[in-house]
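Coordinate inspection notes
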Amino acid sequence: MKKLLSAVCLSLLIIFPLYAQIKDLTINADRVSYEKEKNRVEATGSVEVNYQDILLRGQHLIYNSSAETFHADKGFVFLYNGTTLEGETLDYDIAARRGTADRFNFLYRGVILGGGSLNFNDEKFDLKSANFTTCNLPGPHYHVTAADITLYPKDRWMVAYWGYFWLGKIPVVPMPTYVYDFSGKERAQTPFPDIGSNSEDGGYITETLAWNLRREFNGTYLLSYFANKGLGLGATANYKINGQNSGDIRLNWNGKDRSFGGITHILSFGDQVEEREKTPLDFSLSPQYRQYELAVTLSSRERINYQRVSLTPNLQLYSRGGSLIRPEVKYDYEIDAGRVAEEGNTRLLRGGGKLKLYGRLPETPTGFITPFFLWDSLYYSSGAKWVKPSLGLEVNKPFSRDLALSVGYQHYLYFDGLSPFNYELYRFRAADKLSPNLMFKLGETKCRIAASYYLDNWSPEDIDYTLFFVLHCYNLEVTYRSLRNEFMLGFSLATP
């Protein structure tokens, strides 16, 4: 009753003076006082403020009706743009939709952030003397401390500067810059190196660190050691001009291959294609994208299937998720044109493309069945061509949340010609294929066995084994491609 009387009295005192400035703002508290000359409202004891999409709770609040600002100085909980901020003091400008906070913490998309001071608005959060972790235990397995953290909530992007990665209470690795991508387009990297081996490089270890000038221009630099090639250096730069134009620049060097790299620019247009539905056993990333993409690549001696290939240039137009006649009947296509040079082989103009028609049928006892037709053809300036249309089926059977099986079958209608490039023929045979894929989960460990067999003699094309260890708040991924003799070990932070 006391709170109700306070709220009613407050409304009678300020609703008319404030009507021209802010509508639908309510303040409830145990005690409320109003200084009309100073346009100042003071509320104490179980304070609650409601206005549009914001909700503020605290023990002491000063509201300036002329400046349209709040000041809370005895602890607060602030619901803002779907994020709940908690801390000791808060200043917030309603009209500008920006504020500052001290000794704060909040949860954003599964990441717990905190620090000494915070400046925030709808576009950006600037954290000082900051820290973050994805571990929700009282004593987290790991956390990162940083002098500054910048969070771009609309872009789902976070950058930490001059930080340390801690395991428990031990600082392990310094990190000048750390980038966390909430969109799922990239792995959430730890400062630990990637380890692996293959037939060309031998054993290798690669340490990758990030750099960031701004959200639209950032990248990585890396230091590697290859048993068969010695020291390796590399850098990438990712740029974003606007919502439609983006790309990356790559430059690498090692003691055997010397320098190689390239640049790719992507123009995206058309409707937004929805992310495909994922299952708990799905390892792959599914970022959002536009229906159409035009990729222009200019490269020198970059490795594709263990061959050094230069594209000077190459254009690829992609279309994804288009509908034909009925919404259930989908099509994807790719148009490819460019000048290709394979080191030690040949240099030719090349053009062609792929068209895939497909559609998932209603669920049956066998599972989800998706038939498809694929037209695949390439033509070369030497007069060579490589045409291989095919029909196929993809069957996906989820038995439970912890067990799923998929099988793909591809039947080639005919073959006409052959590619003159070795990298395009890598592990290719003119035979139908069967591709079983088993995925299961044991406790916190996900497993996948993916294979592909040629049906003319049942010889394997590929057999890959992947173990994905979910270690509460960071992950260990191990992949072994047995027929290619490739081994990869990587660490990543848990991405909610």
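One can find the structure itself at the top, above this paragraph.
Read on for an overview of the structure. (Residues numbered from 1 in each chain as written. Predicted model: local features only at pLDDT ≥ 70, side-chain atom pairs only at ≥ 80, totals over all residues. Heavy atoms only, no water.)

**Describing the pattern of salt bridges**
Our working rule: Note on definitions: salt bridges are taken to be side-chain nitrogens of Lys or Arg within 4 Å of carboxyl oxygens of Asp or Glu. Accessibility here uses a 1.4 Å probe with only protein chains present; expressed as a share of the type maximum, an area under 20% marks a residue as buried, one over 50% as exposed, and anything in between as partly exposed.
A full pass over the atoms with the stated rule returns 35 salt bridges. Between K38 and E35 there is a salt bridge; the shortest N-O distance is 3.8 Å. For K38, a relative accessible area of 56% translates into the label exposed. Close ionic contact of R57 with E48 constitutes a salt bridge, the shortest N to O distance being 3.1 Å. Shared partners join several salt bridges into a network, and the residues in it are E200, D201, K229, D257, R303 and R308.

**Concerning the environment of I94**
Here is the rule we go by: A run of H or I in DSSP becomes a helix once it reaches four residues, and a run of E becomes a strand once it reaches two; helices and strands are each numbered from the N terminus.
Within the secondary structure layout, I94 lies in the loop between β7 (83-93) and β8 (98-108). The exposure class of I94 is buried, given its relative accessible area of 8%. Here the alpha-carbon distance between I94 and I54, two residues 40 residues apart in the chain, equals 9.5 Å.

**Side note on the environment of S46**
Take S46: it is sitting in strand β3 (residues 40-51). With 12 residues separating them along the chain, S46 and G58 place their C-alpha atoms 6.1 Å apart.

**Observations regarding a nonpolar patch on the surface**
Filter applied, for reference: Patch definition: residues above 30% relative accessible area lacking any salt bridge, with like charges linked at up to 9 Å and the nonpolar side chains Val, Leu, Ile, Met, Phe, Trp and Tyr linked at up to 5 Å. Only the protein chains shown count as cover for residues, and the accessible areas themselves come from Shrake-Rupley with a 1.4 Å probe.
On the surface, F399, L403, L405, V407, L438, I449, Y465 and Y480 cluster together to form a nonpolar patch covering roughly 620 Å² of accessible area. If one sorts the elements of the nonpolar patch by residue count, strand β27 (residues 403-412) sits on top with 3 residues. If you trace the backbone, I449 turns up in strand β30 (residues 445-454).

**Here we look at the nonpolar core**
Defined as follows: Here the nonpolar core consists of buried residues drawn from Ala, Val, Leu, Ile, Met, Phe, Trp, Tyr and Cys, with membership extended through side-chain atoms lying within 4.5 Å. Here, two residues are considered to be in contact whenever any of their heavy atoms come within 4.5 Å of each other.
In this structure, F78 and F132 are the most contacted members of the largest nonpolar core, which totals 49 residues. Once residues lying within four places of it in the same chain are set aside, the contact partners of F132 are V111, I112, L113, Y142, H143, V144, I149, M158, A160, Y178, Y180 and L493.

**Quick word on the side chain of E293**
The condition that has to hold: Definition of a polar contact: a pair of N or O atoms within 3.5 Å, with one able to donate and the other able to accept a hydrogen when the atoms are protein atoms, and with sequence-neighbouring residues admitted only if both atoms are side-chain atoms.
Among the structural elements, E293 can be located in strand β20 (residues 289-304). Take E293: its relative accessible area is 14%, and that puts it in the buried class. One polar contact links E293 to R320, side chain to side chain, over a distance of 3.5 Å. Setting aside residues no more than four positions away along its own chain, E293 makes contact with I266, L267, S268, Q316, L317, Y318 and R320.

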